[in-house]
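What follows is each chain in one-letter form.
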Amino acid sequence: MARKRKTDGRTPRRALWLRTLIAITACGVAVGGLAAYRTFSDDTATERPVTTEEASRLALSRLNLYQASPVAVTLTATEGGGVVVRVKAVVDYRTHRAVGSYQVTGASGSSGTSGPATGQLDHGLIVWDTGGLGLAPAPKGDNSPAWQQAEHIPRSGWSARSYTTDPLDAGLQLLIGLGADRPDNPLLLAQSGARWLGRDRVDGRSYDRFAGPRAQGATPGAGPDGGRSPLTYWVDGDGGLRRVTMRMPGLGTPTTLEFSGREGRAKLPEAPWATS
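What you see is a predicted model; the values in this text were computed from it and never measured. (Residues numbered from 1 in each chain as written. Predicted model: local features only at pLDDT ≥ 70, side-chain atom pairs only at ≥ 80, totals over all residues. Heavy atoms only, no water.)

**A short note on helix H4 (residues 167-176)**
Okay, so step 1: Of all the 10 residues making up H4, 10 are buried; the element is thus mostly covered by neighbouring parts of the structure.
Okay, so step 2: Of the positions making up H4, those classed as buried are Pro 167, Leu 168, Asp 169, Ala 170, Gly 171, Leu 172, Gln 173, Leu 174, Leu 175 and Ile 176. (Buried < 20%, exposed > 50% of the residue type's maximum accessible area, 1.4 Å probe, protein only. Helix = DSSP H or I, 4+ residues; strand = E, 2+ residues; numbered from the N terminus.)

**Concerning the environment of Thr 245**
Okay, so step 1: Looking at the element boundaries, Thr 245 is found in strand E12 (residues 241-246).
Okay, so step 2: When the C-alpha atoms of Thr 245 and Leu 231 are compared, they prove to be 5.7 Å apart, with 14 residues separating the residues in sequence.
Okay, so step 3: Residue contacts for Thr 245: discarding those within four places in its chain leaves Pro 230, Leu 231, Thr 232, Trp 234, Pro 254, Thr 255 and Thr 256. (Contact = heavy atoms within 4.5 Å.)

**As for the pattern of salt bridges**
Okay, so step 1: Taken as a whole and assessed by the stated rule, the structure comprises 13 salt bridges.
Okay, so step 2: Of the charged contacts in the structure, one is a salt bridge between Arg 57 and Glu 53, with a shortest N-O distance of 2.6 Å. Here the residue Arg 57 and the residue Glu 53 both occupy positions in helix H2 (residues 52-68), the gap between them amounting to four residues, near one helical turn.
Okay, so step 3: In this structure, the salt-bridge partner of Asp 184 is Arg 62, at a minimum N-O distance of 3.1 Å. Note that Asp 184 is positioned in the loop between H4 and helix H5 (186-191) and Arg 62 in helix H2, a separation of 122 residues in sequence. There is no split in this pair, since Asp 184 and Arg 62 are both buried.
Okay, so step 4: Via salt bridges that share partners, Glu 53, Arg 57, Arg 199 and Asp 208 belong to a single interconnected network. (Salt bridge = Lys/Arg side-chain N within 4 Å of Asp/Glu carboxyl O.)

**A word on H2**
Okay, so step 1: Over its 17 residues, H2 runs 24 Å from end to end, which matches the ideal 24 Å to within 8%, given 1.5 Å per residue.
Okay, so step 2: Here H2 has its buried residues at Glu 54, Ala 55, Arg 57, Leu 58, Ala 59, Ser 61, Arg 62, Leu 63 and Leu 65. (Expected span 1.5 Å × (residues − 1).)

**Some words on the side chain of Arg 57**
Okay, so step 1: Given a relative accessible area of 9%, Arg 57 falls into the buried group.
Okay, so step 2: Separated by 2.6 Å, the side chains of Arg 57 and Glu 53 make a polar contact.
Okay, so step 3: Sequence-distant contacts of Arg 57, defined by excluding residues within four places in its chain, comprise Asp 208, Phe 210, Val 235, Asp 236, Gly 237, Asp 238 and Gly 239. (Polar contact = N/O pair within 3.5 Å; in protein donor to acceptor, adjacent residues only side chain to side chain.)

**So, the nonpolar core**
As a rule of thumb, soluble globular proteins bury nonpolar side chains together.
Okay, so step 1: Core analysis: the biggest nonpolar cluster contains 43 residues, and Val 87, Val 91, Trp 128, Leu 175, Leu 257 and Phe 259 have the highest contact counts within it.
Okay, so step 2: The biggest single contributor to this core is H4, with six residues.
Okay, so step 3: Contacts of Val 87, omitting those with residues within four sequence positions, involve Val 73, Thr 74, Leu 75, Ser 101, Tyr 102, Ile 126, Trp 128 and Leu 168. (Core = buried A, V, L, I, M, F, W, Y, C linked by side-chain atoms within 4.5 Å.)

**Observations regarding the packing of aromatic side chains**
Okay, so step 1: For the structure on display, the rule yields zero aromatic pairs.
Okay, so step 2: Between the NZ or CZ atom of Arg 94 and the centre of the ring of Tyr 66, over which it lies, the distance is 4.9 Å. (Phe/Tyr/Trp six-rings, centres within 6.5 Å; stacked < 30°, edge-to-face > 60°. Lys NZ or Arg CZ within 6 Å of the ring centre and 35° of its normal.)

**Here we look at the pairing of strand E7 (residues 133-136)**
Okay, so step 1: With burial as the criterion, each face of E7 is covered, one bearing Leu 133 and Leu 135 and the other bearing Gly 134 and Ala 136.
Okay, so step 2: Of the strand pairs in this sheet, E7 and strand E8 (residues 159-161) are connected by three bridges, and their pairing is antiparallel. If you follow Leu 133 over to E8, its bridge partner there is Arg 161. (Pairing = 2+ DSSP bridges.)

**Some thoughts on the environment of Leu 133**
Okay, so step 1: Tracing the sequence through the fold places Leu 133 in strand E7.
Okay, so step 2: You can call Leu 133 buried: its relative accessible area is 1%.
Okay, so step 3: In the structure, Leu 133 is positioned 28 residues away from Arg 161 in sequence and 5.8 Å away in space, judged by C-alpha atoms.

**As for the side chain of Thr 164**
Okay, so step 1: Here Thr 164 shows up in the loop between E8 and H4.
Okay, so step 2: Of note is the side chain of Thr 164, whose polar atom sits 3.2 Å from the backbone nitrogen of Asp 166.

**Points about unusual backbone geometry**
Okay, so step 1: A cis amide bond links Ser 69 to the next residue, Pro 70, at an omega of 5°.
Okay, so step 2: Within the element layout of this structure, Pro 70 appears in the loop between H2 and strand E3 (71-80).
Okay, so step 3: The phi dihedral of His 96 falls on the positive side, at around 55°, and the residue is not glycine.
Okay, so step 4: Within the secondary structure layout, His 96 lies in the loop between strand E4 (83-92) and strand E5 (97-110).
Okay, so step 5: We classify His 96 as partly exposed; its relative accessible area is 33%.

What follows is the structure, encoded as structure tokens:
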């Protein structure tokens, strides 16, 4: 993870896109969703605007996530060149803090005649909030949950940095801003272009798949995705989230957030990466 680059040299277009996307989430327009490992889709469905009932469930999803926190989540981001970063973490939406472990995999050199082998490139602990993130080596021989390991890392042991526009950082920012202490306005969700995309059955449970509200200024029907939001959500019949995917310009594989329920035992550290 020390390989992560700063924002210098990034194109203004991507930076503007990311700021707009995060602003949508922070303002309460972005809402949550799912899919999982065994998904069966209704391919006969036709995309359409959300109904009043669907908009209401979508509007509740961020509040439900907030009330369930701390929640367990897995974030998967593809960074290009075959490099994949996976973060398994716990997020507390009441304090807007998160802690977990990360693993970076990708091409790790030659494996004889078969070409580059895929292996672990880096791993460790990660903590983040709305302002930035911190990384630290995982204690050797410690198999306790990441949130417990993080408690024993001294402040000097964390390497802090601000967010960049890379897929991982965009996913971390999106994730930390998803929960909210009040429901969104369902009327505004519907008016902002939220759409029903289909219905998936995941591990025996049904989820509606929604495209989120369009970014401000986006023209309906314009662009390669018809002006659709880069965010897709899967929401159950009670407004519960299971997965959110985020498409980023120039990348074929979206960043994915998978929620797996409340982790009531977790105790998040007090921003150990911050300096004071």
